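Overview (structure and organization)
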Amino acid sequence: MTEKQYDVVVVGSGIAGAVLAKVLTQAGKEVLMLEAGLTAGMALKPEEDYENYQSYLQRFYETTIKATNTPYPEIKDAPSISVLEIQPQTPYETGYMVQLGPLPFGSDCLRAPGGTTLHWLGNVPRMLPNDFQMKTLYDQGVDWPICYDDLMRYYEMAENEIGVAGDVDSQQGPDMSRSNYGPDYVFPMDKIPQSYQDQVWIKSTNGLDVSLYGKTYTVNCISMPQGRNSTPNNDYRYADTVWDPASQSLNLITTDKNYEVVGATWNSYTGERCEGNASCVPICPVQAKYNALKTLKKADESKLDIITKAVASRVLIEPGGTDVAGIMYKAYTDPDSIEYTPHIAKGKIYVLACSAIENAKLLLASNVANSSDQVGRNLMDHLVLLTWGLLPEKGYPYRGPGCTTYIPTFRDGEFRKDFAAWISPIDNWGWSWPTFAPGSDVTNAVINNAMFGKDLRSHLNADVPRQTLLHFECEQAPCADNRITISEKYKDHLDNYRPVIEYDASDYMRKSFKAAKHVSDQIFAANNIEDHTIYSPTEADYVTWDGQGYTFRGAGHIVGTHRMGSSASESVVDKNQRTWDHQNLYLVGCGNMPTLGTSNPTLTMTAMTYQAAESILKQLESNN
Amino acid sequence: MTNSTEHFDTFLAISAWLTGYEPVELQGTGMVQTYYSTLRENITAIDLDAFFAESDFILAKAQTDVDAAKVRTASHLMQNSSFNSLGKQIILMWYIGQWFADPSGDPNNSVQINAQSYVEALMWPTADTHPPGAKEPGFGSWAVKPVSVDTFNVTL
């Protein structure tokens, strides 16, 4: 189909692919983007774009059991993981993922135009400087080949592109202060207002001393930086990230104008502020929450070709050489048909940007970039221990963005030698995650307790607004045996491989669940929260430690399957995110992260993608 | 066979009695006709006739003796043996917006009635909030207590 030789072929239109498309085309490079999902999701005309997005919202409303991927089309030719397919007992192969266990992997991502940013929550805290040196400081995992300072300027580019709302000065905690951001730095927009419930929590939690293994920690509660629209910060002076051929670098250029809020892709006047839909996951109806299509639509259209319904299936290598010669993709017409036509996309440089799961799968299927035997290994996620209870007064949850305040107290410390660090978002959405509330409160009252009438109404009104939920998102350490593989036994509709997952939670993780619950107990006691947490042995991802059981949940932070490192023998990509084995093949996305830290990974991954874009531009120009 | 509007008034009145919402609040959702049709699609006319006859009896009793009407409701509408749990089905339909085929047997066997039934489910206003993804209350509204007109315990 396409014989044109592009400068860069990018596989995937999520945030990493979109940033590359924007930066590279604006620098004058010809880019071809391959996207496995449907054409409608890529609509560039406002009317079609709006209609397609409304169809997502309708699907969300109409579906009985709502999950993270509910609003988006399920297609057999490019299946997405569904969290509804997760089962307690492994092995099983009933979903898209083949789960060999011993524990099921509990997170999903989305294969569609815009990628998982369509359903992400939008929390964008930066990683901490110490997160990059886990081996040196805590003898856990590995060090990154780059340090926090190396990423700082790229963090600023990512925060500009995503449009971060937050308060820099309040970002105070272990290994985190004003110095992490520089003396004058501000986010593009003011912080998203913290919820009423947060204020109830803060009264008895901010400044609380909790003890853990003989040490005292003072808890603090701070606002969460978010990729959603708020009021522009008048002190913010960055306009955009621009390639400077003279210095061979990407630079954030300054402006006298105030930050311009980026609204919905179909109408810039829609979604200029978060409107409090309280449905960021799975869909922001007004696109006040950032998604990658906003970035993609800023690309230079004259330099960008996008082919949708194109599933990358194999990376081809020059016969007798090591350079990538092309990407074979399968183009389908009917998304549920087994019929396809094969094509080859050709460019000078190739970039895989289709998620930690799909990138690893594609590399393994092609037998490329794997001289280190690290492809597919070190699969990581935040293992989320939830604790929930009833506040003594109404906190009025189920309102606002999912998280507006978090506890950074256990993000870093000497304890990381013994057990995993965690970040603790205070959840604004009641018990919806662990118990499917408030629907389950209704069914319990009506079906089990036969309640009706004003008694039913007043019972629900007295209890549901007091529901509260705390997260302990524990940093999973890299483990070579937590991995994605492929097998001839497991193929999808288009004869592409399905991901085969082996996964477990190490003692290092289980110790952190015990520690987190101990901290939760003290915080709940200080707030007079009546603990209703239940971990049931029949649940998926139920584990035990020291005689107690805990259930953890996936955070959707799928990281680490093609890690970056300082040597070809131990990593898949170098510090520029180029594969060690193929000089014209780059990988981008969360798969590059050697360790996870306690941040939601998208911001860091986006920062890294800017760094990769800069390397790609340098390489293209040096070859000219 | 009942005609399409027979029992409609009783349906609205017994819905109010079972949900604890005033008839005008239920009408305000715009869902009364949809839910009435859902009943007629899922329940035989003979069973509906019997259910509404009992409902009329309870509603009449409630005019003079609320406590006695409550006792009668508990024993004649809210038992699993009462009309195959139809009373519970009606409450769940209003509160959750889903049709539960067999609430007392398999509580997971439910179907979203339509998009609007999600948006209008009573569990959201009951919880002093709005359905996620609809009826958005505006920027920063979550930073203060919810603003609402308290209709509870008000006789309209």
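What counts and what doesn't
Residues numbered from 1 in each chain as written. Chains lettered and ligands numbered in written order. Predicted model: local features only at pLDDT ≥ 70, side-chain atom pairs only at ≥ 80, totals over all residues. Heavy atoms only, no water. Helix = DSSP H or I, 4+ residues; strand = E, 2+ residues; numbered from the N terminus. Rg over C-alpha atoms; globule rule 2.2 N^0.38 Å. Contact = heavy atoms within 4.5 Å. Buried < 20%, exposed > 50% of the residue type's maximum accessible area, 1.4 Å probe, protein only. Areas by Shrake-Rupley, 256 points an atom, 1.4 Å probe, with all protein chains shown as cover. Salt bridge = Lys/Arg side-chain N within 4 Å of Asp/Glu carboxyl O. Core = buried A, V, L, I, M, F, W, Y, C linked by side-chain atoms within 4.5 Å. Buried area = accessible area lost by both parts, 1.4 Å probe. Nonpolar A, V, L, I, M, F, W, Y, C, P; charged D, E, K, R; others polar. Disulfide = S-S within 2.5 Å. Expected span 1.5 Å × (residues − 1). Phe/Tyr/Trp six-rings, centres within 6.5 Å; stacked < 30°, edge-to-face > 60°. Lys NZ or Arg CZ within 6 Å of the ring centre and 35° of its normal. Pairing = 2+ DSSP bridges. Right-handed = clockwise from strand over helix to strand, strands pointing away. 1 Å grid on protein atoms, 1.4 Å probe; cavity = no way out; pocket = protein on both sides within 12 Å on 5 of 7 lines; lining within 4 Å. Points joined across faces, edges and corners; volume = space filled by probe spheres on them. Axes fitted to C-alpha atoms, helices over the stretch in contact; angles between N-to-C directions.

Within chain B one finds eight helices and two strands. Its C-alpha atoms give chain B a radius of gyration of 16 Å, near enough to 15 Å, the size a compact globule of 156 residues would have. For chain B, the spread of C-alpha atoms along the three principal axes comes to 50 × 35 × 30 Å. Across chain B, every contact between residues at least 6 apart in sequence was considered, and the portion connecting residues at least 24 apart equals 57%.

Looking only at helices and strands, one finds 12 helices and 22 strands in chain A. Compactness check: chain A gives a C-alpha radius of gyration of 23 Å against a globular reference of 25 Å for 624 residues, within 12% of the reference. For chain A, buried positions account for 64% of its 624 residues. Within chain A, contacts between residues separated by at least 24 positions form 74% of all contacts whose residues are at least 6 apart in sequence. Accessible surface for chain A amounts to roughly 21,200 Å². Of this, 48% is attributable to carbon and sulfur atoms.

This part covers the pattern of salt bridges. Residues and elements named next belong to chain A. Tallied over the entire structure, the rule returns 35 salt bridges over all chains. Between Lys29 and Glu621 there is a salt bridge, with the nearest N and O atoms lying 3.2 Å from each other. Taken together, the residues span a long stretch of sequence, with Lys29 in the loop between α1 (15-26) and β2 (31-34) and Glu621 in helix α12 (residues 602-623) at a distance of 592 residues. On the basis of relative accessible area, Lys29 is assigned to the buried category, the value being 9%. In this structure, Lys517 engages Asp521 in a salt bridge whose closest nitrogen and oxygen atoms are separated by 2.7 Å. Residue Lys517 and its partner Asp521 are located together in helix α11 (residues 507-526), separated by four residues, close to a single helical turn. For Lys517, a relative accessible area of 17% corresponds to the buried category. It is possible to trace a salt-bridge network through shared partners that takes in Lys4, Glu30, Lys303 and Asp305.

Okay, the nonpolar core next. One finds Leu34(A), Trp422(A), Phe11(B), Leu39(B) and Tyr95(B) to be the most contacted residues of the largest nonpolar core, which totals 215 residues. Top contributing element to this core by residue count: α12(A), with 10 residues. Beyond its immediate chain neighbours, meaning those up to four positions away, Trp422(A) contacts Leu212(A), Phe410(A), Arg411(A), Phe472(A), Glu473(A), Cys474(A), Ser512(A), Ala515(A), Ala516(A), Val519(A) and Thr598(A). Counting 12 residues, the second-largest nonpolar core is a separate cluster that includes Ala165(A), Ile192(A), Cys284(A) and Val286(A).

On to the interface of chain A and chain B. One frequently used descriptor of interface size is the decrease in accessible area upon assembly of the parts. The interface of chain A with chain B comprises 52 residues on the first partner and 53 residues on the second. The contact between chain A and chain B buries some 4,100 Å² in all, and 66% of this surface belongs to carbon and sulfur atoms. At the junction of chain A and chain B, the tally comes to four salt bridges. For Asp128(B), the salt bridge identified is with Lys394(A), shortest N-O distance 3.2 Å. Breaking the side of chain A that touches chain B down by element, the ones donating at least two residues are α2 (46-62), α5 (196-205), α9 (439-448) and α10 (453-463) of chain A. Sort the elements by how many residues they give to the side of chain A that touches chain B and α10(A) lands first, with eight residues. Within the side of chain A that touches chain B, the residues separate by chemical class into 24 nonpolar, 19 polar and nine charged.

Here we take up the state of the cysteines. All names here are of chain A. All chains considered together, the criterion is met by zero disulfides over all chains. We note that Cys284 lacks a disulfide partner, and the nearest cysteine sulfur, in Cys274, lies 6.6 Å from it. Cys284 gets classed as buried once you look at its relative accessible area, which sits at 12%. The cysteine Cys590 is free of any disulfide, with Cys109 supplying the nearest cysteine sulfur at 9.9 Å.

Here the focus is α1(A). Residues and elements named next belong to chain A. The terminal C-alpha atoms of α1, which comprises 12 residues, lie 16 Å apart, in line with the 16 Å expected from a rise of 1.5 Å per residue. Along α1, 11 of the 12 residues are buried, which leaves the element largely enclosed by surrounding structure. The set of residues buried in α1 consists of Ile15, Ala16, Gly17, Ala18, Val19, Leu20, Ala21, Lys22, Val23, Leu24 and Thr25. Downstream of α1 by a residue or two, Gly28 has a phi angle that is positive, lying close to 90°.

Let us now look at the environment of Glu62(A). With respect to the helices and strands, the residue Glu62(A) is situated in helix α2. For the pair Glu62(A) and Ser569(A), spaced 507 residues apart in sequence, the C-alpha to C-alpha distance is 50 Å. Excluding residues within four positions of it along the chain, Glu62(A) makes contact with Gln112(B) and Ala115(B).

This part takes up the packing of aromatic side chains. For any pair of aromatic rings, geometry is given as the distance between the ring centres together with the angle between the planes. All names here are of chain A. Summed over the entire model, instances satisfying the criterion amount to 41 aromatic pairs over all chains. Through a chain of ring-to-ring contacts, the aromatic side chains of Tyr213, Tyr217, Phe410, Phe415, Phe419, Trp422 and Phe472 assemble into a single cluster. Above the ring of Phe60, the side-chain terminus of Lys66 is found at 5.4 Å from the ring centroid. One cation-aromatic arrangement involves Lys491 over Tyr497; the distance from NZ or CZ to the ring centre is 4.8 Å.

Attention now goes to the pairing of strand β1 (residues 5-11) of chain A. Residues and elements named next belong to chain A. Counting buried residues in β1 gives six out of seven residues, a clear majority hidden from the surface. Pairing geometry for β1 and strand β12 (residues 341-352), over six bridges, is parallel. Residue pairing in the sheet places Tyr6 in a bridge with Gly347 of β12. Judged from the four bridges that link them, β1 and β2 form a sheet pairing that is parallel. Across the sheet, the residue bridging to Val9 is Leu32, located in β2. Since β1 and β2 lie parallel, the crossover through α1 that links them has a hand, and here it is right-handed.

Let us now look at empty space enclosed by the protein. Residues and elements named next belong to chain A. Applying the stated rule across the entire model yields three cavities of 30 Å³ or more. Here the largest cavity is characterised by a volume of approximately 80 Å³. Contributing to the lining of the largest cavity are 13 residues, with Arg228, Cys274, Asn277, Cys280 and Cys284 lying nearest its centre. Across the lining of the largest cavity, the residue classes tally to seven nonpolar, three polar and three charged. For the second largest cavity, the calculated volume is near 70 Å³. Taken together, 13 residues line the second largest cavity, and the ones lying closest to its centre are Glu161, Ile162, Val262, Tyr290 and Lys294. Partitioned by chemical class, the residues of the lining of the second largest cavity number five nonpolar, three polar and five charged.

All names here are of chain A. Strand order in the open sheet formed by three strands is β3-β18-β17, and the pairing between neighbours is mixed. Two strands lie at the open edges of the sheet, namely β3 (98-102) and β17 (483-485), each paired on one side alone. In this sheet, adjacent strand axes meet at a mean angle of 20° when their direction is disregarded. In the sheet, β3 pairs with strand β18 (residues 500-503) via four bridges, with the strands oriented parallel. Within β18, the residue paired with Pro102 across the bridge is Tyr503. Contacts between helix α7 (residues 355-366) and the sheet are confined to β17 and β18, with β17 contributing the most and set at about 45° to the helix.

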